[in-house]
Every structure is written in structure tokens, then in C-alpha cells.
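Structure assessment
Listed below, chain by chain, are the residues.
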Amino acid sequence: MELEKRGVVAPLLVTSTFLPLVEAQAKARRVTPRVVVVPHPVGGLNEAELAERIEAAAGALLPLADEARGSA
Amino acid sequence: MSSDWDVAVVGAGVAGLTAARVAAQAGLRVVAYDRMAPGGQLVNLTALHDVPGPGEVTPSAELLGRLVAAAEAAGVTMSFAEVTRVHAGASPRLETSEGEVGAGAVVVATGLSAGRLGLPGEELLVGRGISTCAGCDGPLFRGRAVAVVGDDDWTAEEALELAEVAAAVTVLVPGRPGWSAERAARLAASGRIEVLTGATVTALRGEGVLSGVVVATSGGERELAVDGLFPYVGRRGPGALVDGVATDESGRVRTDDGVRTAVPTVFVAGDARSGAPDSVPSAEADGAAAGAAAVAALRPAAGRGLRIVDPTFGVQPAGSAAEILSGGTAEWTEVALFSNSKPNATELLRGVGERLQAHWELPEIGFASKPNASAAADKDVIDWLSQRYKMVLVAVGD
């Protein structure tokens with residue numbers, strides 16, 4: 001969030017469980033976060049499960065990143 | 001002084017956020033300090049048992065999100081400066097990383113420091129087998145043996161969380177267990193947890209990485225081979241932070257009456273208070289009481305009638321944002337990843353980063369991390385990232 005305040009595009013990779021907290025913290029910092037949400041948890045996953053998370057996160061991140069670059 | 005507040009709350013966990021909300025709802029100008037982010041220690045605990053009621057389970061992030069949002073809605077200003085000293089007195093002053101601040105009243109709600117055994121070589125093994133966050137580091141010990149040291153409900157919860165991934169969990173209780181009967185039943189039912197009472201860790205084993213501990217019991221000393229050690233003893237209260245208030249032997253602030261210290265303008269809430277129960281409901285109750293006590297302490301000075309306040313108080317001037325803008329000058333080829341070092345966070349980031357690298361045909365992608373999720377990011381790292389990169393993908397909550 002500090003990076004966004006400094007003008008850096010900084011998408012946050014967050015699990016669904018942590019999303020409410022991250023949104024509340026962002027509001028407290030007066031920042032509108034760019035959030036990529038993946039199912040909770042990430043820790044403890046095996047290789048196949050992690051690959052699913054990567055796929056889901058990339059699917060959300062790429063259009064978000066394209067949009068940020070396109071509007072810059 | 002750079003600013004003045006009616007109430008300054010040091011620590012934005014359950015107790016601090018509640019105290020801040022209560023004081024702000026009474027119309028006072030309130031700042032809540034937390035050098036990382038609001039949330040406190042519970043950020044590190046995945047699930048809260050018996051919250052909101054017996055037998056119920058609440059994700060800690062959900063509860064904290066609600067508390068932060070409620071404080072924010074009440075008008076609390078969140079500050080991420082580090083409070084390095086509180087000078088108690090009729091007009092309390094706080095030394096912070098952003099300068100000195102005055103306040104009409106102070107609520108100390110810092111919680112406790114991380115657990116430590118006080119053994120030689122311990123600090124060198126922190127992050128190399130020693131951790132105080134099962135939710136953060138537990139998966140690193142999947143299928144391996146770990147030990148947990150402590151006697152309270154927090155210890156029990158961490159042991160239960162570790163038992164979901166570790167092959168075996170030994171809980172070393174220096175005296176007798178102080179956790180609830182409900183947690184004792186869950187520990188007993190786990191099947192992977194052994195509780196040793198009257199057990200003291202006397203030495204650490206391992207060269208560079210923890211490989212075991214020496215445990216003294218009434219039956220003598222024995223070696224216990226473990227890859228992970230989670231100490232929840234030796235936690236200190238904020239006594240060294242606050243001048244002029246009495247503390248107990250563990251540095252927790254003593255109170256004369258509930259949340260009131262001997263100094264009429266300084267209050268204490270949550271685990272920072274000597275004798276406070278180790279539970280979420282009691283931290284909330286403490287916070288509410290401390291917030292109300294701070295309001296009551298300031299009311300005679302503020303008057304009981306209508307009060308005119310500056311609605312822009314604490315809001316950064318529009319122009320000030322430009323002063324900290326340093327990103328934006330880099331090219332779109334300059335992209336990095338920033339990991340919080342939680343298990344699999346770096347792997348997830350790298351996987352997503354590879355997809356972006358291919359999508360944008362980036363020649364390379366940068367990487368930075370902070371040592372653990374419980375620590376604030378180093379300012380130098382943030383400075384470097386903001387000056388060097390156009391985009392940084394950040395792992396913050398997992």
C-alpha cells in the first residue's frame with residue numbers, strides 16, 4: 001500500500017480469508033488497493049494445488065496489469 | 001510537537017482498535033498507532049475458537065477487518081509511525097518515528113513482545129527453526145517434529161494449528177497448564193500432541209538451523225529432536241516503553257482500578273495490562289473500558305456540551321502526496337515481486353510472475369522480500385522498490 005502511495009502500481013496478492021482485513025487496512029491508509037484474490041490457504045499446499053492458485057491468480061492479474069499499463 | 005490529539009492509542013490490535021473506536025465515537029480526536037498495520041497479534045492466528053461465542057469459530061482476519069472498519073468509520077486516524085517512548089503525566093507526550101506528539105490521554109494497548117526462552121544462540125536460530133507464528137511458519141514443518149513452549153491458551157491454539165501439519169507436536173509446559181478445559185480436551189483428542197508438564201528447555205541444538213532442544217524435567221534431562229520450536233514464554237509487556245507507570249515482573253502495566261494506571265491520563269488495555277486474561281472478548285472489553293475511561297478523563301476539560309471540531313484534523317493536505325511520490329518514473333519493463341516470506345508465498349509470486357513475464361515479454365523480473373510476515377517491511381527496501389520499479393506484485397495476506 002505504501003508503494004501505491006508512492007506512485008508504483010502494486011497489486012496485492014491476497015487470500016479470500018485475508019481480504020476483509022486488507023480492505024480495511026487499505027481504507028485506513030486512504031488507498032484503493034488493486035487486489036488479486038485467491039482461495040485460502042496458500043501455505044501447506046502441494047505442487048498441484050499451488051499450480052491451481054497460480055493459474056487463478058494469473059487469470060486475475062494479467063487483465064489488471066494490462067489495464068494499469070494501458071491507462072498509464 | 002508535530003500534532004496534538006485528544007487520545008493517542010498505542011497499538012492497534014483488538015484492545016487498541018476498540019478503545020480508539022469508543023473514544024472517537026464520543027467525538028474525540030483519536031489516533032491509533034501501529035507500526036505495521038492495524039490488526040495486532042491476531043493477524044498471526046488463523047482461526048479464533050469460541051469467538052463470538054462458545055463453540056464458534058471466526059477467522060481472525062474477518063474479526064480484525066470488522067474492528068479496523070469500525071474504528072475507521074468512527075473517525076480514528078491510523079498512524080504507521082513507531083511509538084518509541086510514552087512520557088506519562090498530566091500532559092502525556094509520545095516520541096514517535098515521525099516526531100514528538102502530545103495527547104490529552106494515552107491508551108497503551110501494545111500487547112506483548114514475541115516469546116523468547118532467553119537461551120544462548122536463540123536469536124541466531126530465529127527464522128531458522130525458531131518461530132512464534134504457527135500460522136505463518138507451521139507449513140514449513142509439514143511432516144516433521146516440532147515443540148511448543150508455554151502454558152496458556154495461546155500456546156494451546158498454536159500447538160493445535162501445528163498439529164494439522166507437523167508429524168508430532170510436543171508441548172513443553174514449564175509448570176502446570178493454564179489453558180481452558182475445552183482446549184485441554186482438543187489437545188488430548190488431536191492424536192499428534194504430547195504435553196510434558198514441569199518441562200524446561202535448557203539448551204538449543206543445531207548449527208545454523210535448529211535440530212533439537214535439551215529438556216529438563218523432574219526425571220532428568222533429555223534430548224528432544226525437533227526441527228521447529230515455538231516459544232510463547234518470556235513475552236514482555238510495554239513497561240520499558242512507558243515512563244511513570246508501575247509494571248509487574250514481566251513488564252505488563254499495573255492498574256489501580258480496571259484499566260486505570262496511577263497516572264490519571266494513562267490507561268492500559270488488553271495483554272499489556274498486568275493480570276489480563278488471554279482472550280479476545282476480554283481484550284475487547286478492556287478496550288471499551290479504556291476508551292470510555294479516556295473520554296471520562298478528558299470530559300471535564302472538554303466540557304459536556306456541544307463541541308466544535310475541525311473536520312479536516314489529521315487529514316493530509318492534498319499537496320503532501322506529491323512529496324512522497326517517487327515511483328512512476330520507471331518503465332513498464334521494470335517489474336518486481338515482493339514476498340512476505342509466508343510458506344508458499346514466494347512460490348506463488350514467482351509462478352504468477354513468470355506468467356506476467358511471458359505475457360509482457362519482460363527480459364527479467366525483480367524480487368525482494370521481508371524476512372517474515374510479522375515484521376514491517378524495511379524502509380530502505382520500500383524506497384528501493386519505489387525508485388526502481390514501475391510495478392510490484394506484493395504478497396500480503398495468505
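What counts, and at which threshold
Residues numbered from 1 in each chain as written. Chains lettered and ligands numbered in written order. Predicted model: local features only at pLDDT ≥ 70, side-chain atom pairs only at ≥ 80, totals over all residues. Heavy atoms only, no water. UniProt positions renumbered as here; feature names shortened; annotations may be inferred. Phe/Tyr/Trp six-rings, centres within 6.5 Å; stacked < 30°, edge-to-face > 60°. Helix = DSSP H or I, 4+ residues; strand = E, 2+ residues; numbered from the N terminus. Buried < 20%, exposed > 50% of the residue type's maximum accessible area, 1.4 Å probe, protein only. Lys NZ or Arg CZ within 6 Å of the ring centre and 35° of its normal. Arc of directions from axis to C-beta. Polar contact = N/O pair within 3.5 Å; in protein donor to acceptor, adjacent residues only side chain to side chain. Axes fitted to C-alpha atoms, helices over the stretch in contact; angles between N-to-C directions. Parallel < 35°, antiparallel > 145°, perpendicular 65-115°, else oblique. Left-handed = near helix turned anticlockwise from the far one by under 90°. Contact = heavy atoms within 4.5 Å. Nonpolar A, V, L, I, M, F, W, Y, C, P; charged D, E, K, R; others polar. Pairing = 2+ DSSP bridges. Salt bridge = Lys/Arg side-chain N within 4 Å of Asp/Glu carboxyl O.

Looking at an unreviewed UniProt entry, one finds chain B named Thioredoxin reductase (NADPH) and attributed to Blastococcus xanthinilyticus. The record in UniProt for chain B states the following under Catalytic activity (unreviewed entry): "[thioredoxin]-dithiol + NADP(+) = [thioredoxin]-disulfide + NADPH + H(+)".

In the annotation of an unreviewed UniProt entry, chain A is listed under the name UGSC-like domain-containing protein and assigned to Blastococcus xanthinilyticus.

**Here's the deal with the packing of aromatic side chains**
All names here are of chain B. Under the counting rule described, the total for this entry stands at three aromatic pairs over all chains. Ring geometry for F141 versus F230: centroids 5.8 Å apart, planes at 80°, classification edge-to-face. Pair noted here: F141 is in the loop between α4 (134-137) and β9 (145-149) and F230 is in strand β15 (residues 228-231), with a separation of 89 residues, a long-range link. The pair formed by F141 and F230 is uniform in burial state, with each residue classed as buried. Taken together, a centroid distance of 5.7 Å and an interplanar angle of 90° make the contact between W332 and W360 edge-to-face. With W332 in the loop between α8 (320-324) and β18 (335-339) and W360 in helix α9 (residues 345-360), this pair connects stretches of sequence that are 28 residues apart. The lysine or arginine in question, R350, covers the ring of F367, its NZ or CZ lying 4.1 Å from the ring centre.

**Looking at helix α10 (residues 379-388) of chain B**
Residues and elements named next belong to chain B. Within the sequence span of α10, burial applies to I382, D383, L385 and S386. Across the axial projection of α10, the buried residues extend over an arc of 165°, all falling on one side. For α10, the exposed residues set more than 90 degrees away from the buried face come down to D380 and Q387. At the N-terminal end of α10, a side-chain oxygen is found 2.8 Å from the backbone nitrogen of D380, two or three residues along, and the residue is D378.

**Description of the packing of helix α1 (residues 14-25) of chain B against helix α2 (residues 60-74) of chain B**
All names here are of chain B. Two numbers describe how α1 lies on α2: the axes approach to 8 Å, and their chain directions differ by 25°. Overall, the two elements α1 and α2 adopt an arrangement that is roughly parallel. Between α1 and α2 the crossing geometry is left-handed. Touching V14, L17, T18, R21, A24 and Q25 of α1 are L63, L64, L67, V68, A70, A71 and A74, all from α2. Here the contact of α1 with α2 is built from residues that sort into ten nonpolar, two polar and one charged.

**Some thoughts on the sheet that holds β9 of chain B**
Residues and elements named next belong to chain B. Taken together, the four strands give an open sheet; going across it, the order is β11-β10-β9-β15, and neighbouring strands pair in parallel fashion. The open sheet has two free edges, formed respectively by β11 (193-197) and β15, since each of these has just one partner strand. When strand polarity is set aside, the average angle formed by the axes of neighbouring strands in this sheet is 20°. Examined bridge by bridge, strand β10 (residues 168-173) and β11 share five bridges and lie parallel to one another. Bridging from a neighbouring strand, T170 pairs with E194 of β11.

**Here we look at the pattern of salt bridges**
Going through the model one piece at a time under the given rule, you end up with 18 salt bridges over all chains. Taking the shortest distance from any N to any O, the salt bridge between R34 of chain A and E4 of chain A comes out at 2.7 Å. Of this pair, R34 of chain A sits in the loop between α2 (19-28) and β2 (35-38) while E4 of chain A is found in helix α1 (residues 2-5), placing the two residues 30 residues apart along the sequence. Each of the salt bridges in this network shares a partner with another, and the network as a whole consists of D153, E157, E182, R183 and R186 of chain B.

**Topic: the sheet that holds strand β13 (residues 212-217) of chain B**
Residue and element names in this part refer to chain B. Strand order in the open sheet formed by three strands is β12-β13-β14, with antiparallel pairing between adjacent strands. Among the strands making up the open sheet, the edge pair consists of β12 (200-205) and β14 (220-224). Within the sheet, the average angular offset between the axes of one strand and its neighbour, ignoring direction, is 25°. Bridge analysis of β12 against β13 gives five bridges, and the strand direction is antiparallel. Bridge pairing in β13 places A203 opposite V214.

**Quick word on unusual backbone geometry**
Between H40 of chain A and the following residue, P41 of chain A, the backbone shows a cis peptide bond with an omega angle of 0°. For P41 of chain A, the position within the fold is in the loop between β2 and α3 (47-70). One non-glycine residue with positive phi stands out, namely E361 of chain B, at about 55°. Positionally, E361 of chain B belongs in the loop between α9 and β19 (366-369).

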